[in-house]
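Here is what each chain is made of, one letter per residue.
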Amino acid sequence: MSAHLLKAIRPYNEEATDLLIVDGVIAALGAEATQQAANYSDLKEHDFTGLVALPGLVDIHTHLREPGREDSETVYSGTRAAAAGGYTAVFAMANTTPVADNAGVVEQVLNLGRQAGWVDVHPVGAVSAGLEGKHLSEMGAMAASKARVRVFSDDGKCVSDPMLMRRALEYVKAFDGVIAQHSQDPRLTENSQMHEGKVSAELGLRGWPAVAEESIIARDVLLAEHVGSRLHVCHLSTAGSVEIVRLAKARGINVTAEVTPHHLLLTDELARTYSPLYKVNPPLRTQADVEAVREALADGTIDVVGTDHAPHPVEDKDCEWQAGAFGMTGLETALSVVIETMVKTGKLDWRGVARVMSQTPARIGHLEDQGGDIAVGQPANLAIIDPNVTRVVDGASQLTASDNTPYAGMELPGQVIATFLHGAPTVLGGVPVPVSER
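Residues numbered from 1 in each chain as written. Predicted model: local features only at pLDDT ≥ 70, side-chain atom pairs only at ≥ 80, totals over all residues. Heavy atoms only, no water.

Peer 1: Go over the UniProt feature "domain: Dihydroorotase catalytic" (unreviewed entry) in the protein with me, naming the residues and quoting the values.
Peer 2: In this numbering, the UniProt entry assigns the feature "domain: Dihydroorotase catalytic" (unreviewed entry) to residues 52–238. Between the first and last C-alpha atoms of residues 52–238 the distance is 32 Å; the span itself is 35% helix and 18% strand. (UniProt positions renumbered as here; feature names shortened; annotations may be inferred. Helix = DSSP H or I, 4+ residues; strand = E, 2+ residues; numbered from the N terminus.)

Peer 1: Please provide a residue-by-residue account of the sheet that holds strand E10 (residues 178–181), values included.
Peer 2: The strand order across the open sheet formed by 5 strands is E9-E10-E13-E14-E15, and the pairing between neighbours is parallel. Two strands in the sheet have a free side with no partner beyond their single neighbour: strand E9 (151–152) and strand E15 (304–305). Where E10 meets strand E13 (residues 231–233), 3 bridges bridge the pair, whose relative direction is parallel. Counted as the bridge partner of Gln181 is Val233 from E13. Across the sheet, helix H7 (residues 210–227) touches E10, E13 and strand E14 (255–259), and the angle it forms with E13 is around 165°. (Pairing = 2+ DSSP bridges. Contact = heavy atoms within 4.5 Å. Axes fitted to C-alpha atoms, helices over the stretch in contact; angles between N-to-C directions.)

Peer 1: Residue-level account of the nonpolar core, with values.
Peer 2: The biggest cluster of nonpolar side chains holds 92 residues, and the ones touching the most others in it are Leu6, Leu54, Phe152, Ile179, Leu297, Met357 and Ile384. Counting contributing residues per domain, this core is built from domain 1 (3–53 + 377–392 + 411–432) and domain 2 (54–365), each supplying no fewer than three. When neighbours within four sequence positions are excluded, Leu54 is seen to be in contact with Tyr12, Trp350, Val353, Ala354, Ile374, Asn381, Leu382, Ala383 and Ile385. Membership of the second largest hydrophobic core comes to 16 residues, among which are Leu203, Leu205, Tyr278 and Val393. (Core = buried A, V, L, I, M, F, W, Y, C linked by side-chain atoms within 4.5 Å. Buried < 20%, exposed > 50% of the residue type's maximum accessible area, 1.4 Å probe, protein only. Domains from an automatic or database assignment.)

Peer 1: Explain the sheet that holds strand E6 (residues 57–62) to me, and be specific about the residues and the numbers.
Peer 2: Spatial strand order, E6-E7-E8: 3 strands in an open sheet with parallel pairing. Two strands in the sheet have a free side with no partner beyond their single neighbour: E6 and strand E8 (120–123). Pairs of neighbouring strands in the sheet enclose a mean axial angle of 20°, with direction left out of account. Examined bridge by bridge, strand E7 (residues 87–92) and E8 share 4 bridges and lie parallel to one another. Looking at E8, one finds that Val90 is bridged to Val121. Packed on one face of the sheet, helix H12 (residues 350–364) meets E6 and E7 and runs near 55° to E6.

Peer 1: So what's going on with the pattern of salt bridges? Which residues, and what values?
Peer 2: Between side chains of opposite charge, a pair can form as their charged atoms come close. Tallied over the entire structure, the rule returns 18 salt bridges. The closest approach of N and O atoms between Asp176 and Arg230, which form a salt bridge, is 3.5 Å. Here the residue Asp176 occupies a position in the loop between helix H5 (162–172) and E10, and Arg230 occupies one in the loop between H7 and E13, the gap between them amounting to 54 residues. Look at the salt bridges and you will find they share partners, linking Arg69, Asp71 and Asp316 into a network. (Salt bridge = Lys/Arg side-chain N within 4 Å of Asp/Glu carboxyl O.)

Peer 1: Could you give an account of the packing of H5 against H7, with specific residues and numbers?
Peer 2: Axis separation between H5 and H7 bottoms out at 10 Å; the angle between their running directions is 45°. Comparing the axis directions of H5 and H7 gives the class oblique. Relative to H7, the crossing made by H5 is right-handed. Here Pro162, Met165, Arg166, Leu169 and Glu170 of H5 come into contact with H7, specifically with Arg219, Asp220, Leu223, Ala224, His226 and Val227. For the contact of H5 with H7, the per-class residue count stands at 6 nonpolar, 1 polar and 4 charged. (Parallel < 35°, antiparallel > 145°, perpendicular 65-115°, else oblique. Left-handed = near helix turned anticlockwise from the far one by under 90°. Nonpolar A, V, L, I, M, F, W, Y, C, P; charged D, E, K, R; others polar.)

Shown next as structure tokens:
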């Protein structure tokens, strides 16, 4: 029987309390926690005076690359980075090699996550076979597999065929699944390099119009309404997309949406550096779009923050802009960006952070043992944060296997001090704890 006493933590940055974990469950809070702790001879005490406690973070949108692109990331390295960022569960996207479009591949990813032991890994299944957008994947088999897949996405590519999208939305209703759409009209974005606007015109880079995202979202919310199914909008990035989702929700359509940390903070002005570190899909937008997605996250129009953690080897980013790969890392910096853009600005309190980074993504993905409240009887999945420290981001020192962070050299607030997964510490003192030492 394992027991941990977390002393003087501040759940949601509220009143300080002691918290007792016994066998992976929150057993007691407050004075009762201190009293019960005396019953355990193997008790481990942790002084977290003044630190903020949140439910373990859940990322609805992570690229772990394995199998097939281990030069970018592995399940082990990616999930260790996730734990360092305060995460206790991640959804691993399907654009691996081979594609996660069948039970065999999703079970492989599931098993790799269990072997690594840093976070719970939940594979996302592809919508179409081979991500080719022609035929449905083996969604039923993936849903019935040991991985129990409930989220399906061709992320990296859009399900652009409206009939295929309709069939996918209809199919997942049988097991209450959700289609997570990468909203990008392929014809409107052919050879596009960055957001279409003033900066792209000045730089001579082919523009990526906001309507390429907005038109797909508009189509898909209507399809979801028509068939009575669930739609999740990946990495929403424009003010127009916000308005479409807001109208869809007002109409009662079952749609959820995510925003990435980089779309909460960064703008297309960074393309002036010509550094592919700022090249991402969808592209960085304007300051007006940034303000719109912040307000939408605050008022609930946007439901969650998803990192879209997209690691790449150095040769895919250390090149000219046009040759650079789309994507940014984000697991180790996401919480800090949310603190900077949403907490420090007063748009979210710490309970709001828990809602958009833990509780709602767990609900969307049907996770029963993640995203719970910090309360007696709940699984002990926790992130312990020092909100008062600042750090300068250094890509080379991050735990992800790739260092294509867009925040290198930036000073960001907050530091994850500890992460507990099912009651066991995966991070202590900001340092990952190997399975053998827990």
